[in-house]
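As a plain string of letters, each chain reads:
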Amino acid sequence: MNPLIGLTGGIGSGKSTVAKLFADLGARIVDTDLISHQLTQTGGTAIAAIRAAFGDNFIDAQGALDRAKMRELAFADSDAKRRLQDILHPLILAQAKALASAPSDAPYTLIVVPLLFESTRYRDWLHRVIVVDCPEQQQIERTMQRSHLSEAAVRAIMAQQMDRQQRLQLANDIILNGSDMDSLRAQVNKLHESLINR
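Since this is a predicted model, take the numbers as computed values, not measurements.

Caption draft 1: View of the overall build of the protein chain. Across its full length, the protein chain holds nine helices and five strands. Secondary structure elements of the protein chain occur, N-terminal to C-terminal, as β-α-β-α-α-α-α-β-β-α-α-α-β-α. Radius of gyration (C-alpha) of the protein chain: 17 Å, near the 16 Å computed for a compact globule of 198 residues. The burial tally for the protein chain puts 42% of its 198 residues in the buried class. Considering only contacts in the protein chain between residues 6 or more positions apart, those separated by 24 or more positions represent 73%. Only carbon and sulfur atoms are counted for the fraction: they give 51% of the accessible area of the protein chain, which is about 10,500 Å². Measuring between centres, the 22 positive side-chain charges of the protein chain sit 2 Å from its 22 negative side-chain charges.

Caption draft 2: Main features of the side chain of Thr 8. Within the secondary structure layout, Thr 8 lies in strand S1 (residues 4-9). If we skip the residues at most four places from it in the chain, Thr 8 touches Lys 15, Val 113, Pro 114, Leu 115, Leu 116, Phe 117, Val 129, Ile 130, Val 131 and Val 132.

Caption draft 3: Molecular detail of the packing of helix H6 (residues 136-147) against helix H7 (residues 151-159). At a closest axis distance of 9 Å, the pairing of H6 and H7 adopts a crossing angle of 120°. Here H6 is positioned oblique relative to H7, judged by the angle of their axes. With respect to the hand of their crossing, H6 and H7 are arranged in right-handed fashion. Between H6 and H7, the contacting residues are Glu 136, Gln 137, Gln 139, Ile 140, Thr 143 and Met 144 on the first element and Glu 151, Val 154, Arg 155 and Met 158 on the second. Among the residues making up the contact of H6 with H7, the classes are represented as four nonpolar, three polar and three charged.

Caption draft 4: Fine view of unusual backbone geometry. Here the phi dihedral of His 148 falls at roughly 55°; this positive angle occurs in a residue that is not glycine. Here His 148 lies in the loop between H6 and H7.

Caption draft 5: Summary view of the nonpolar core. The biggest cluster of nonpolar side chains holds 32 residues, and the ones touching the most others in it are Ile 50, Phe 54, Ile 111, Tyr 122, Trp 125 and Leu 126. Listing elements by their share of this core, those giving two or more residues are helix H2 (32-40), helix H3 (47-54), helix H5 (78-101) and strand S4 (128-133). Sorting elements by how many residues they give to this core places H5 first, with eight residues. Ignoring any residue separated from it by four or fewer positions in sequence, one finds Tyr 122 in contact with Thr 32, Ile 92, Leu 93, Val 113 and Leu 116. By size, the runner-up hydrophobic cluster in this structure holds 17 residues, among which are Ile 5, Ile 130, Leu 184 and Val 188.

Caption draft 6: Representation of the sheet that holds strand S3 (residues 109-112). With respect to topology, five strands assemble into an open sheet ordered S2-S3-S1-S4-S5, the strand pairing being parallel. Either end of the sheet is taken by a strand with one partner, and the two such strands are strand S2 (28-31) and strand S5 (173-176). Strand-to-strand twist in this sheet, taken as the mean axis angle between neighbours without regard to direction, amounts to 25°. Pairing geometry for S4 and S5, over four bridges, is parallel. Bridge pairing in S5 links Val 131 to Ile 174. Docked against the sheet, H5 engages S1, S2 and S3, running at close to 170° with respect to S2. Lying on the sheet, helix H9 (residues 181-197) is in contact with S1, S4 and S5; it crosses S5 at an angle near 160°.

Cut-offs and rules
Residues numbered from 1 in each chain as written. Predicted model: local features only at pLDDT ≥ 70, side-chain atom pairs only at ≥ 80, totals over all residues. Heavy atoms only, no water. Helix = DSSP H or I, 4+ residues; strand = E, 2+ residues; numbered from the N terminus. Rg over C-alpha atoms; globule rule 2.2 N^0.38 Å. Buried < 20%, exposed > 50% of the residue type's maximum accessible area, 1.4 Å probe, protein only. Contact = heavy atoms within 4.5 Å. Areas by Shrake-Rupley, 256 points an atom, 1.4 Å probe, with all protein chains shown as cover. Lys, Arg positive; Asp, Glu negative; His and termini not counted. Charge placed at Lys NZ, Arg CZ, Asp CG, Glu CD. Axes fitted to C-alpha atoms, helices over the stretch in contact; angles between N-to-C directions. Parallel < 35°, antiparallel > 145°, perpendicular 65-115°, else oblique. Left-handed = near helix turned anticlockwise from the far one by under 90°. Nonpolar A, V, L, I, M, F, W, Y, C, P; charged D, E, K, R; others polar. Core = buried A, V, L, I, M, F, W, Y, C linked by side-chain atoms within 4.5 Å. Pairing = 2+ DSSP bridges.

This is how it looks when you write it as C-alpha cells:
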C-alpha cells in the first residue's frame, strides 16, 4: 500500500513550498486546502449545504462561497465556525481518502492538512506526520505579505491554531523553514530518501 504521510505546520510556515519540493521528487500530493476550494467554488458539492445553513448572503454572485464574509463570521462566532466545519470537514476527508486510495506509481502520498493536529479525523489514517516549522515572526511576516492581512489578523489566526511547541512534540519529522531555499531543499531531499527507504 502507498504510505500516507501527513504534512502540516502553522500558517505561513511554508507548507505549500515544501509540498511542491516533495512533488518534484515524485511524491503524490493531496492538498486539503485545494479540496476545500473545489467544494466551495461555483457548482461545488458543499454549496447547497452552506446556503441552507447560512443563507444566500454567504454565496456570491457566481454561486461560490463568499470567503471574506464567511471568514469574518467564523472569527466572530465560534458556533458558526463549527457549523461550517461540520459541513466541510467530512467532505474534505472523504475526497482526500478517495484521491489517496487511487492507484499511483508514487513512492508515498503526502496529505497536506493545515489543522492536522487540531482535527482528530486524520490521526488514525496517516502513517507519519511531517511538521514544517519556522520562527513565529517569520510566520507573521510571510502571511501578511501573502494574504494582505494586518499583523493583528494574523496573530488572531495563529491563536486559533495549536501552539508551536505542542505541534513540534507531535511530529514524527520536522522540516525547518527559517533559512534559505537551498537548506529547505536539502532537508526535503534527505527526508524523501528516508521515506522511500523506510
